[in-house]
Amino acid sequence: RRKEMATTKGSKGVELLLKNSGVTVINGLGRLDGPGKVQVTDNDGKNHDFEAAKIILATGSEVSSLPGIKPDGKRIITSDDLLQVTSLPASMIVLGAGAVGLELASVMQSFGCKTTLVELMPQVLPLEDPECAAEVEKALKRQGMKVRTGCKASEISATENGVVCSLTDSVTKEVTNLEADAMLVAVGRRPVTADIGLDTVEVVTDRRGFIQTDAMMETATAGVYAIGDIVATPQLAHVASHEALVAAGHAAGQPENHPYLAFRPARTAILKWRRWG
């Protein structure tokens, strides 16, 4: 209930800010229709065409899954599903020990749900410093959580009473079976860049679907910008906010007025590291 109150208050606040700033809001499914053109299909199925000298893409991300795993929203769930549950499962398997999986596993364990955290890589938080990850794992175990790293989950299926899966240790090849009331699939998020008309302009994406931009957040097509979770920078709200300011400033012809540009070399280093990784 508190989550619903917080998100509703936040979205209503943004609506008010837009209204007071004179921003026109069009509800519907939008996609690029060539350079400087956007087509929007409204809730009644009618198409509307718009033209603009500058366009900023900010379509965000969605939860990822794994081949052969189909979340059903009840037994096998995503992080989106978990934020909607109204009752606490007695036990849960959390697949993926990145930031989202680890945080939600810790929350569920603290609520009294017996949680088992499973990670394919040799450590929790695979992208972080190994010594820090080891300390985090110790803290999780002190909570009473079971942590299984270096294990591949397979043969995952929902049953009438819960979820079952097999874990294969990558070193010993030992296979064990796990059962729980529910399974959270937390293996990351992917950019929402499919079917938004990128093929109608010269926007370049990498193999994971992230849009490539320059330091001003401009894509390969002049006047088309991309910000937030659809570019290969950390998927954090404050990062997206600063990227929006950079893109808007450049689009308005005033890129030099934003202090974020002082950190351009660091941002370039992040981009190079991510692309190399």
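Everything here concerns the structure above.
Residues numbered from 1 in each chain as written. Predicted model: local features only at pLDDT ≥ 70, side-chain atom pairs only at ≥ 80, totals over all residues. Heavy atoms only, no water.

1. What about the sheet that holds strand β1 (residues 29–32)?
Put simply, the test is: Paired strands, in this sense, are two strands between which DSSP finds at least two bridges. Counting from the N terminus, the helices are DSSP H or I runs at least four residues long and the strands are E runs at least two residues long. Inter-axis angles, ranging from 0 to 180 degrees, are taken between N-to-C directions of lines fitted to C-alpha atoms, where helices are fitted over the stretch in contact.
Within the open sheet, the three strands sit side by side as β1-β2-β3. Their pairing is antiparallel. Each having just a single partner strand, β1 and β3 (47–51) make up the two edges of the open sheet. With direction set aside, neighbouring strand axes in the sheet form an average angle of 25°. The pairing of strand β2 (residues 37–41) with β3 spans five bridges and is classified as antiparallel. Across the sheet, residue K37 finds its bridge partner in β3, namely E51.

2. Re unusual backbone geometry
How we decide: The buried label goes to any residue with under 20% of its type's maximum accessible area, the exposed label to any with over 50%, and the partly exposed label to all in between, with areas taken from a 1.4 Å probe on protein chains only.
A positive phi angle is found at E155, which is not glycine, with a value near 50°. Topologically, E155 is positioned in strand β10 (residues 151–158). Residue E155 is classed as exposed on the basis of its relative accessible area, which comes to 65%. Here K173, not a glycine, exhibits a phi torsion of approximately 65°, which is positive. Following the sequence through the fold, K173 ends up in the loop between β11 (163–169) and β12 (175–180). Taking relative accessible area as the criterion, K173 reaches 56% and is therefore assigned exposed.

3. As for the sheet that holds strand β9 (residues 146–149)
Using the following cut-off: Residues are treated as being in contact if the distance between any of their heavy atoms lies within 4.5 Å.
Strand order in the open sheet formed by five strands is β6-β13-β7-β8-β9, with parallel pairing between adjacent strands. Sheet topology places β6 (76–77) and β9 at the edges, where each strand pairs with a single neighbour. For strand β7 (residues 91–95) and strand β13 (residues 182–185), the ladder comprises four bridges, and the chain directions are parallel. Each bridged residue has a counterpart across the sheet, and for M92 the counterpart in β13 is A182. The strands touched by helix α3 (residues 99–110) are β7, β8 (114–119) and β13; relative to β8, the strand with the most contacts, the crossing angle is about 165°.

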